[in-house]
Amino acid sequence: MARGFHPLSVRSIHRETPDAVSVVFDVPEHLTETFRFTQGQYLTLRTQIDGQDLRRSYSICSAPHEGVLRVAVKLLEGGLFSTYVNKRLQPGDVLQVMAPQGRFFTPLDAQNQRLYVAFAAGSGITPILSIIKATLFQEPKSNFILFFGNKGFDHIIFREELEALKNSYPARFSVHHVLSRESLGSPLFQGRLDGDKCRQYVRYIFNPQQVDACFLCGPEEMIFSVKDALVESGMEPSHIHFELFATSAPGMKPVAPASAKTALEASVTVVQDGMTFDFTLPSDGSTLLDAAMRAGADLPFSCKGGVCSTCKAKILEGEASMELNYGLEPDEIAAGYVLTCQAHPKTTRLVVSFDA
Ligand SMILES: Cc1cc2nc3c(=O)[nH]c(=O)nc-3n(C[C@H](O)[C@H](O)[C@H](O)COP(=O)(O)OP(=O)(O)OC[C@H]3O[C@@H](n4cnc5c(N)ncnc54)[C@H](O)[C@@H]3O)c2cc1C
Ligand code: FES
């Protein structure tokens with residue numbers, strides 16, 4: 001599958017909260033297939049901001065049946081891309097956009113009669129909103145419970161859309177807002193959404209053993225504390241799916257070279273879009289991605305922190321190890337995939353495919 005960028009024009013921008021906007025793209029007829037997506041997937045956007053070529057990933061918040069391609073971007077203080085999108089991007093502007101990617105979903109089937117639960121915090125609602133809308137629409141016998149953590153009411157992204165969904169599916173969808181800086185009357189829904197809160201919801205609101213799939217998206221500590229609480233309370237670990245937007249690990253910044261002492265020089269062949277590219281990866285601790293790009297390859301990447309999986313490729317010959325991995329599932333690693341932004345050769349010969 002080719003993972004290049006395509007120019008898409010911004011159709012409209014909607015202010016969702018004081019610090020978040022959603023952006024709808026126009027998809028020209030000839031790119032309809034390229035931009036077909038599954039609920040919960042994300043887009044990688046790229047543009048020049050003040051002379052810097054920047055790319056970031058944003059989850060799609062629309063559902064496939066809605067026929068629009070829409071993402072939501074929350075402004076992070078000092079954040080380059082999110083500030084640009086919130087303050088400078090205009091309808092009619094063109095961004096470079098990569099085809100949808102990601103595995104943050106479970107397959108839907110109209111015959112399913114399932115219970116889904118999601119925990120979202122802040123902008124973590126974006127992929128979850130897509131998943132909720134698609135599930136309620138495509139599985140008429142399934143139910144969905146959402147726990148959504150925010151600072152206060154004004155910061156709830158998609159508050160009205162969630163209310164409208166509750167009205168459309170009153171028997172099958174419920175949303176519980178959890179606010180850290182405002183009171184909703186019940187201590188159960190006041191404070192930070194975390195493992196302790198989750199333990200209370202498991203006691204009073206749902207039975208974890210009856211949950212078919214649980215989706216988590218938000219800050220790293222929320223995801224891992226809720227995940228631990230769910231497993232502790234008896235939820236099958238394979239039923240828990242999460243999407244990280246960032247990690248506090250140092251890898252979120254461009255990766256520090258691995259120790260040059262242990263680094264190997266390797267002869268590498270990269271396969272991309274059916275073409276091959278050969279280069280020598282020096283023994284200076286560079287990652288596979290960085291070394292290939294320095295040698296002139298134009299490869300897909302976004303976070304360079306082992307989170308987004310945009311740089312995923314399959315090792316066809318040789319072996320590589322990763323510094324960090326927040327993006328690949330165990331079955332992908334077993335099948336030979338690596339995050340090239342985190343990968344270092346363990347053998348002196350490597351063949352790596354971005355097409356596999
Ligand atoms: C798969 C995926 C999906 C994503 N979906 C969304 C989405 O739907 N909506 C959305 O708003 N963002 C989403 N993100 C996060 C997004 O890609 C950017 O990381 C975020 O917008 C910050 O970029 P920036 O250029 O504004 O900040 P930068 O200039 O890159 O960073 C500013 C500072 O914030 C820190 N930082 C970076 N990202 C985060 C974060 N998410 N939380 C806390 N601190 C951070 C950095 O370490 C740095 O210190 C997603 C990320 C991934 C990997
Ligand atoms: S670029 Fe995001 S995981 Fe490698």
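Residues numbered from 1 in each chain as written. Chains lettered and ligands numbered in written order. Predicted model: local features only at pLDDT ≥ 70, side-chain atom pairs only at ≥ 80, totals over all residues. Heavy atoms only, no water.

A. Structural detail: helix α5 (residues 220–232). With 13 residues, α5 extends 18 Å between its outermost C-alpha atoms, agreeing within 8% with the 18 Å of an ideal straight helix rising 1.5 Å per residue. Every buried residue of α5 is listed here: E220, M222, I223, V226, A229 and L230. At its buried positions, α5 is contacted by β7 (115–121), α4 (195–204), β10 (213–218) and β11 (240–244). G234 sits one or two residues past α5 and shows a positive phi near 105°. (Helix = DSSP H or I, 4+ residues; strand = E, 2+ residues; numbered from the N terminus. Expected span 1.5 Å × (residues − 1). Buried < 20%, exposed > 50% of the residue type's maximum accessible area, 1.4 Å probe, protein only. Contact = heavy atoms within 4.5 Å.)

B. Examining the pairing of strand β4 (residues 52–59) more closely. Of the strand pairs in this sheet, strand β3 (residues 42–49) and β4 are connected by eight bridges, and their pairing is antiparallel. The residue of β4 that forms the bridge with L45 is R56. Between β3 and β4, which pair antiparallel and follow one another directly, the connecting turn spans two residues, one of which, D50, has a positive phi of 45°. (Pairing = 2+ DSSP bridges.)

C. Spatial organisation of the domain arrangement of the protein chain. Domain boundaries in the protein chain define domain 1 (5–98), domain 2 (115–244) and domain 3 (266–353). Of note, the centres of domain 1 and domain 3, computed from C-alpha atoms alone, are 27 Å apart. Contacts between the two partners involve six residues from domain 1 and, on the opposite side, seven residues from domain 3. Taken together, both faces of the contact between domain 1 and domain 3 bury some 500 Å²; the carbon and sulfur share is 42%. It is Y42, R55 and M98 that lose the most area in domain 1 upon contact with domain 3, and together they represent 75% of the buried surface on that side. (Domains from an automatic or database assignment. Buried area = accessible area lost by both parts, 1.4 Å probe.)

D. Broad picture of the nonpolar core. In this structure, I125, I128, F144, L146, F173 and F215 are the most contacted members of the largest nonpolar core, which totals 30 residues. Among the elements of the structure, β7, α2 (125–138), β8 (143–150), α3 (159–168), β9 (173–179) and β10 are those that each provide at least two residues to this core. Looking at this core element by element, the count peaks at seven residues for α2. Sequence-distant contacts of L146, defined by excluding residues within four places in its chain, comprise A118, A120, I125, I128, I132, L162, F173, S174, V175 and H176. The next biggest cluster of nonpolar side chains, apart from the first, holds 29 residues, and it includes L188, V202, V211 and V226. (Core = buried A, V, L, I, M, F, W, Y, C linked by side-chain atoms within 4.5 Å.)

E. Looking closely at the packing of α4 against α5. α5 packs onto α4 with a crossing angle of 35° between their chain directions and a minimal axis gap of 8 Å. The hand of the α4/α5 crossing is right-handed. Mapping the contact onto sequence places G195, C198, R199 and V202 in α4 and S225, V226, A229, L230 and E232 in α5. Grouping the amino acids of the contact of α4 with α5 by side-chain chemistry returns five nonpolar, two polar and two charged. (Axes fitted to C-alpha atoms, helices over the stretch in contact; angles between N-to-C directions. Left-handed = near helix turned anticlockwise from the far one by under 90°. Nonpolar A, V, L, I, M, F, W, Y, C, P; charged D, E, K, R; others polar.)

F. Quick peek at the packing of aromatic side chains. One pass over the structure, following the stated rule, counts twelve aromatic pairs. Where F81 meets Y84, the ring centres are 6.3 Å apart and the plane angle is 70°; that geometry is what we call edge-to-face. Of this pair, F81 and Y84 both sit in helix α1 (residues 80–87), three residues apart, roughly one helical turn. Across the pair, Y84 and F81 agree in class, each one buried. Ring centres of F119 and F147 lie 4.9 Å apart, and the angle between their planes is 20°; on these two criteria the pair is classed as stacked. Linking F119 in strand β7 with F147 in strand β8, this pair joins segments that are 28 residues apart in sequence. We note R55 situated over the ring of F301; from NZ or CZ to the ring centre the distance is 3.8 Å. The lysine or arginine in question, K312, covers the ring of Y337, its NZ or CZ lying 4.8 Å from the ring centre. (Phe/Tyr/Trp six-rings, centres within 6.5 Å; stacked < 30°, edge-to-face > 60°. Lys NZ or Arg CZ within 6 Å of the ring centre and 35° of its normal.)

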